[in-house]
Amino acid sequence: MKIIGTIYTDLPEKFGVPRQAGAVPELIGKIIFNAPYNVKEAFDGIEEFSHLWILWSFSESIRDEFSPTVRPPRLNGNKRKGVFATRSPFRPNNIGLSCVKLERVEHTKDNGVVLYVSGVDMKNGTPVFDVKPYIAYTDSHPDAQCSFAETFKDYSLDVDFPQELLDRIPKEKRNGIVGVLSQAPRPAYQNDSERIYGVRYLNFDVKFRVNKKSLTVIDVIEI
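Every value quoted in this text rests on a predicted model; they were computed, and no experiment measured them.

A. How the structure looks around helix α3 (residues 174-182). The buried count for α3 comes to seven of nine residues, which makes it a mostly enclosed element. The complete set of buried residues in α3 reads R174, G176, I177, G179, V180, L181 and S182. Those residues of α3 that are buried lie in contact with β9 (158-160), α2 (163-166), β10 (197-201), β11 (204-211) and β12 (214-222). Backbone geometry just after α3 places A184 at a positive phi near 60 degrees.

In structure tokens, the structure reads:
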């Protein structure tokens, strides 16, 4: 498979990346394509679609050995499911699939066509394999059964982000980090309310604690 481009996001590490595309609509990604795929002709008509499928690489989860079962974090890491019954990144082929919203298309001198998409669930620098239009009448199945994932459809944490700390984040990026934190980035099986976690966002290390369904930011450190 050919890598056709790279997506750039505000999340430099995989810790904190939303578990599903669309979970944090405020997260924006910029896809820059490699030559010869970055030409205008290859994207003619793409702006007529509101959403896209992105196929990409779990570039930090490549393993040589195969495990038929995995421990989904949402099940507290203590229950196994078949790898093909989950969206675990540890797969025979490290391929991710995400449905994102197309925000705009730019035609640039240096990089050719650049796509801006929202609702991303990829870390910064993720390789992209392909882009396809999302077609609602075939791709959407509102009555589909979703097993254990259905239980966590509306799961989120209440985020307490003190204003003096939030002010350290650029104004246009604040909703993004609040959305990331609301998705409970820590492993579900860790329940120590005094433990301090840190998620990288832009050039900041955002420190927080979690107590049941409440997340409190305790510091924002510029890196």
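B. Just the pairing of strand β6 (residues 95-108), in detail. Looking at chain direction, strand β3 (residues 51-57) and β6 are connected through seven bridges and run antiparallel. Bridged to L52 within β6 is V100. Summarising the sheet, β6 and strand β7 (residues 112-118) pair through seven bridges and their orientation is antiparallel. Considered in β7, the bridge of R104 is made with Y116. Taken together, β6 and the strand that follows it, β7, pair antiparallel across an intervening segment of three residues.

C. Main features of the pattern of salt bridges. Inspection of the entire model under this criterion finds eight salt bridges. Note that R104 and E106 form a salt bridge whose closest N and O atoms lie 3.1 Å from each other. Given a relative accessible area of 41%, R104 falls into the partly exposed group. Judged by its relative accessible area of 27%, E106 is partly exposed. The closest approach of N and O atoms between D167 and R174, which form a salt bridge, is 3.6 Å. On the accessibility criterion, R174 (19% relative accessible area) is buried.

Criteria and thresholds
- Residues numbered from 1 in each chain as written.
- Predicted model: local features only at pLDDT ≥ 70, side-chain atom pairs only at ≥ 80, totals over all residues.
- Heavy atoms only, no water.
- Buried < 20%, exposed > 50% of the residue type's maximum accessible area, 1.4 Å probe, protein only.
- Helix = DSSP H or I, 4+ residues; strand = E, 2+ residues; numbered from the N terminus.
- Contact = heavy atoms within 4.5 Å.
- Pairing = 2+ DSSP bridges.
- Salt bridge = Lys/Arg side-chain N within 4 Å of Asp/Glu carboxyl O.

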